Amino acid sequence: MTYLDEILKSRRDTRHFTEDQVPDAVLEKALQAGHWAPSVGLTDATKYYLIRSAEIKKAIKNLFSDYDEKAVALTDNEQQKLAYKALKLEAIEEAPLGLVICYDRSVLNNFTIGTVGSNEAVKFSSVCAAQNIWLSLTEQGYSMGWVSILNYYQFKLLLGLPENMEPLGYFCVGKPATNYDNQPMLQQLNWKQKQEMPLVEEITILHESKVAKVFFDAKKEMDAAAFANVLQHKINQKTKPTGSLGILEVLAKQIAMVFQTLEPTITKPNLVVFAADHGIANHGVSAYPQDVTRQMVSNFLIGGAAINVFCKQNKIQLAIVDAGVNYDFPVNTNLISAKIGKGTHSFLQGPAMSKTEIELCFIKGSEVVSIIAETGSNCIGFGEMGIGNTATASVLMSIILDLPIQDCVGKGTGVNDAQLIQKIKILKKCLANYNGSEDLDSKLAYFGGFEIMQMVGGMLQAKEANMLILVDGFICSVAFLIAFKKNPSIIKNAVFCHSSAEQGHQKILDYLGVRSLLQLDLRLGEGTGCAIAFPIIKSAVAFLNEMASFESAGVNSRKP
């Protein structure tokens, strides 16, 4: 066994330290080893912060303790709970030195070789640096322990880290007080045994990659014209003047036509909010910072947002999808993970996403809706959350409808007049910079958002499953516009729930030749318009199914 092999084998995730201080020379050598680690595109995105303050260590220990209690609650049984509590999982206050290893996301604002396939490559580089530091410390007779049981958002606030700086965790550094019987500590304490050999498998078969499925409803229906005449006769024979229920009559007919029955029912209504971040948000196109996306998703998950209130009020099942939020949510949250990446790239400098990523968006959005359809749901509403996505949607609308960008841009989250002028100026520049292919999917990839494209895939799947599709405001209508371009027959299944205060929304509705149910000056997103309009949809179904006809009520249908 070589000396290097011995160092690799003896490296430990250390939780027990002596009181010996870490000499500056030891630390400098270890950090230099970290700096020698691979760095994707030579970005040098890894940064180190040293912690010696007892006050800061204590605050970090409190963060650990809070999340450690949550971990205890996740144990499977009482025996495992006791075994977990017996583990020593950190030495935050005992270790003489704390080290925070971070990666700087802002390097992604510029073209970086090696990150086109995945933004995560920047994080991976920092992990390589952490491993080098670990090995260097081990070779010098010192060691390190990685503490990851933390609320990372609070951790960043506690340390005052910039928004673009993402920590891998907190690392305890010092001289080890034990060698753990020359084995990993968790193995020594019989928590779990490490496999003796690595998992290796050779792939010998080339598998065809999945491509986004373009759905088209080729279902053979009964004579649509004949059914429509029977249905219209039923509506006209209700005990009311013809047409007196206005849009409700149109809506009732549409729903009955979608389900091809004179007595339609709405079963297990669902609403799905797709959330993701946008690189263009870093250029001042929103009144709010990008981290609000993460904050609002957390708010959805605890039931505190408007969409939670309205879904609860109207008994609509709500699901939240992480399509690409710039944050790692805990795995035990009630969140559907369909993350493509931690936000798109800024399309001011280059493509927001790759062709592969947009195909994955269509697939993942389709999968989310397919699972919901399998529960027996026949009605689904779409909502979104993503700081900067009105800018993204405005550009997509401009491209698809061939309109000047200033006719498509609105105030979004509430930018002032000066900010709106700047927003238009930036988006004009983005469009002028584009020199790619003229096909639709190339432009969608260049300017798109993960949540918008997942909604496209979801809407197309909802049409395939013959569900009633509830469309929210401006951003969801842009997603629908894209779906409509791919399958025009989807318009038959769509109910446009409200006219947004965003100036571009009515232009989309006019282009599609549709009328919305509500005009409430909403511009919140989240699918709130769908949830608020749902009682109207139920009313349309109720009158068609339950209202008496002239014949059954013994009422004259017209004057003789």
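Residues numbered from 1 in each chain as written. Predicted model: local features only at pLDDT ≥ 70, side-chain atom pairs only at ≥ 80, totals over all residues. Heavy atoms only, no water.

J.: Quick rundown of empty space enclosed by the protein? Include the residues and the values.
T.: Remark: the empty space left among the atoms is shown by a probe the size of a water molecule rolled over them. Using the criterion set out here, one finds one cavity of 30 Å³ or more in the structure. The computed volume of the largest cavity comes to approximately 30 Å³. Lining the largest cavity we find P269, N270, L271, I316, C379, G381, L470, C530 and F534. Listed by contribution, the elements that provide at least two residues to the lining of the largest cavity are β5 (270-276), β8 (379-385) and α19 (528-546). Broken down by class, the residue content of the lining of the largest cavity amounts to seven nonpolar, two polar and no charged. (1 Å grid on protein atoms, 1.4 Å probe; cavity = no way out; pocket = protein on both sides within 12 Å on 5 of 7 lines; lining within 4 Å. Points joined across faces, edges and corners; volume = space filled by probe spheres on them. Helix = DSSP H or I, 4+ residues; strand = E, 2+ residues; numbered from the N terminus. Nonpolar A, V, L, I, M, F, W, Y, C, P; charged D, E, K, R; others polar.)

J.: Break down the environment of C128 for me, citing the residues and quoting the values.
T.: Take C128: it is sitting in helix α5 (residues 121-139). For C128, a relative accessible area of 31% corresponds to the partly exposed category. The contact partners of C128, leaving out residues within four places of it in the chain, are A37 and P38. (Buried < 20%, exposed > 50% of the residue type's maximum accessible area, 1.4 Å probe, protein only. Contact = heavy atoms within 4.5 Å.)

J.: Break down the pattern of salt bridges for me, citing the residues and quoting the values.
T.: Using the criterion set out here, one finds 16 salt bridges in the structure. Notably, a salt bridge pairs E166 with R105, separated by 3.1 Å at the nearest N-O pair. Here E166 is found in strand β4 (residues 165-174), whereas its partner R105 is found in the loop between β2 (97-104) and α5, with 61 residues between them in sequence. A network of salt bridges, in which partner residues are shared, links R105, K156, E163 and E166. (Salt bridge = Lys/Arg side-chain N within 4 Å of Asp/Glu carboxyl O.)

J.: Provide a residue-level description of the packing of helix α8 (residues 224-236) against helix α9 (residues 247-259), including the pertinent values.
T.: One way to put it is that α8 packs onto α9 with a least axis distance of 10 Å and a crossing angle of 140 degrees. Classified by the angle their axes make, α8 and α9 are oblique. The two elements α8 and α9 cross, and the hand of that crossing is right-handed. Contacts between α8 and α9 involve A224, F227, A228, L231, Q232 and I235 on the former and, on the latter, E249, K253, A256 and M257. Grouping the constituent residues of the contact of α8 with α9 by class yields seven nonpolar, one polar and two charged. (Axes fitted to C-alpha atoms, helices over the stretch in contact; angles between N-to-C directions. Parallel < 35°, antiparallel > 145°, perpendicular 65-115°, else oblique. Left-handed = near helix turned anticlockwise from the far one by under 90°.)

J.: Quick one: what's the story with the nonpolar core, residue by residue and with numbers?
T.: A general trend in soluble globular proteins is that nonpolar side chains are found buried together. Of all hydrophobic cores here, the largest spans 69 residues; its most connected members are I280, F347, F382, M453, F480 and I482. For this core, the element with the highest residue contribution is helix α17 (residues 474-486), accounting for 10 residues. Residue contacts for I482: discarding those within four places in its chain leaves L396, I400, L444, I452, M453 and V456. Grouped together as the second largest cluster of nonpolar side chains are 45 residues, M296, L470, F543 and L544 included. (Core = buried A, V, L, I, M, F, W, Y, C linked by side-chain atoms within 4.5 Å.)

J.: Quick one: what's the story with the confidence of the model for the chain, residue by residue and with numbers?
T.: Summing up the model confidence of the chain, the mean pLDDT is 89 and the portion of residues at 70 or higher is 94%. Within the chain, the element-level pLDDT minimum falls on helix α20 (residues 550-553), averaging 66, and the maximum on strand β9 (residues 468-471), averaging 98. Here residues 209-222 scores under 50 on pLDDT; set against residues more than four positions off or in separate chains, the count is 25 contacts. (pLDDT = per-residue confidence, 0-100.)

J.: Tell me about the state of the cysteines, and name the residues and values.
T.: Considering all chains together, one arrives at zero disulfides under this definition. The structure places no disulfide on C102, whose sulfur is separated from the nearest cysteine sulfur, that of C172, by 15 Å. Left without a disulfide partner, C311 is nearest to the cysteine sulfur of C530, which lies 8.9 Å away. In this structure C311 comes out as buried when scored by relative accessible area, which is 2%. (Disulfide = S-S within 2.5 Å.)

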